[in-house]
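# A structural walkthrough
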Amino acid sequence: MDPEKEVIGQQVQQSRLGAPHSPPKDGDLSDAAGSAPDEELEWTEAEETAVRRKIDWHLVPVVTLLYMLCFLDRINIGNARIQGLGDDLDLNTGVRFNWALSVFYIVYLLVEVPSNVILKRVGGKYYLPFLVCGFGLVSLCTAFVTSFEVLMVARVFLGIFEGGAMPGMAFFLSCFYKRNELLFRMGIYVSAASIAGAFGGLLATGLSRIPEWGVASMRIDRWRNIFFFEGLITIIVGVVAPVWMPTTPGGAHFLGERERRIAAERLIRESKANPNTAVTWRDLRQAVLCIHNYTCALGFFLINITVQGLSVFMPTILKDLGWTDTKAQLMSVPPYVAACLVAIAIAYGSDKTQQRGIWLAAFSCLAVVGFAILRWVETPNIRYMALYFVTVGAFPGGPGFLSWAMNNSAGPAVRAVTSGYVVTLGTIGGIVATWTYVQADSPRYFTGHSINLGGQVAVVCLSIFGILYCAHENRLRAAGKRDHRLEGLTEQEQELLGNRHPSFRYWT
């Protein structure tokens, strides 16, 4: 049952979960050709590579685009703030801007796990684009808010729709890829956060310069243009996304009949789990009681403090270096571009080496250096350089910790819960992030940089702990010290042990 030792075309010898086979529903994350084992099927490595590449070209770009729009609609409030939003709605008084950010994350974390349970039941082809259209509509409507109170309501609805997007897309990808293929694809799609940060600064600069337009009772200009047009673009993409997105590996419209069978069966042979299985209380307990998941969730929490904080406050931090609004927007672009490229490279290297923790620990050290510079150095150009260290070091951590947790969760139902609740706990970091940089602490933001410095040091420690824990558990299993878990269990009950099975090996 060790996924690392599976070979292509190996006959499955153990029985699968005993759910009866039923015809797949459109949008169900079960596999049309793979809800029951296809032990007769054999294929070559070249065939599997060709299938995987087709899935890559049809799945990864659209998921990346959807998440880029998700993150763009989340952080555009930071760009809008220095284009007049803060003055028009009196957000620069006290901590009103911080409350507008916090209410989003509070709602966001409450809907993540329920949303993933719905996704597992409904399927991602239509549910994910529905969420995209929802938060696009909210962003568009934000262009018409006239008070702080109405802005708070808009942020609540934005959190409702965006809450299921990131964990949902992560789970959706995990239904198409093996464990050693997942992080590279997740790294590409989560790097869309960096793309959104870079693109957001450029787009905000251009949109804010569109001449005033609208009706007499509601004129649209400056920051209102940012929300209106970014929301409109998001809605359009969300409407057309289902045309391109596949339903399941076994029902992908762009694959031939044999290719669909290979795409579905290769995943069943790796996980030995029935993709038709619904989420049960056993799955919830297995995900929630896993020590390693808490390591990843806490790491994701600390990473989120940095990533979410910088994503919203970077334009303000740069403006406080003495730069103009336009220069601050434009100079926010290069650090995000660097973060995007490095995140993809780390994801590729991590998948190839089948290691997670060492990459997380190493690059978090760069973020530690960056925040130390921001905390104690006053020279503007040096402080700007430190932002590169921070973005390059911290931004790859989100997909790293999330994929590490999902890699070490056996079975699609458990993975669905794991992705949802790890991101849920991690999202609390987003709430903390909204209070790390307050107006009273400008322009040096000693408190915010100190919090993030301590958080990144903790990330390094957590990564090392995760490596040691997983390696220790693997040694115990190899020595037969977890075999007692099989005593008195039927073969079917042994399958339900998932990542607690003595033959399951954790990725370090």
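Just so we're clear, the structure is a prediction, and the values are computed from it rather than from any experiment.

Rules of the game
- Residues numbered from 1 in each chain as written.
- Predicted model: local features only at pLDDT ≥ 70, side-chain atom pairs only at ≥ 80, totals over all residues.
- Heavy atoms only, no water.
- Helix = DSSP H or I, 4+ residues; strand = E, 2+ residues; numbered from the N terminus.
- Buried < 20%, exposed > 50% of the residue type's maximum accessible area, 1.4 Å probe, protein only.
- Contact = heavy atoms within 4.5 Å.
- Areas by Shrake-Rupley, 256 points an atom, 1.4 Å probe, with all protein chains shown as cover.
- Lys, Arg positive; Asp, Glu negative; His and termini not counted.
- Charge placed at Lys NZ, Arg CZ, Asp CG, Glu CD.
- Phe/Tyr/Trp six-rings, centres within 6.5 Å; stacked < 30°, edge-to-face > 60°.

With that settled, the discussion passes to the overall build of the protein chain. The helix and strand tally for the protein chain stands at 19 helices and 2 strands. Taken over the C-alpha atoms alone, the protein chain extends approximately 70 × 50 × 40 Å along its principal axes. For the protein chain, the residues scored as buried account for 61% of the 508 residues in total. Here the contacts in the protein chain between residues at least 6 apart in sequence split such that 82% fall between residues at least 24 apart. Accessible area for the protein chain stands at about 18,900 Å²; split by element, carbon and sulfur atoms hold 65% of it. If the 43 positive side-chain charges of the protein chain are averaged to one point and the 41 negative ones to another, these points end up 3 Å apart.

Omega for the peptide link from Ser 442 to Pro 443 comes to 0°, which places this bond in the cis form. Summarising the element assignment, Pro 443 is placed in the loop between α17 (412–433) and α18 (446–478). Positive phi outside glycine occurs at Arg 222, with the angle close to 45°. Structurally, the position occupied by Arg 222 is in the loop between β2 (218–220) and α8 (223–244). With a relative accessible area of 35%, Arg 222 lands in the partly exposed category. Of note in the backbone geometry, Tyr 445 takes a positive phi value of approximately 55° without being a glycine. Take Tyr 445: it is sitting in the loop between α17 and α18.

Let us look at the packing of aromatic side chains. Applying the stated criterion across every chain, the model contains 24 aromatic pairs. Relative to Tyr 348, the ring of Phe 184 has its centre 5.3 Å away and its plane inclined at 70°; by these criteria the two rings are edge-to-face. Taken together, the residues span a long stretch of sequence, with Phe 184 in helix α6 (residues 179–190) and Tyr 348 in helix α13 (residues 333–353) at a distance of 164 residues. The class for Tyr 348 is partly exposed, based on a relative accessible area of 44%. Ring centres of Trp 213 and Phe 228 lie 5.1 Å apart, and the angle between their planes is 75°; on these two criteria the pair is classed as edge-to-face.

Read these as spatial facts, not as claims about activity.
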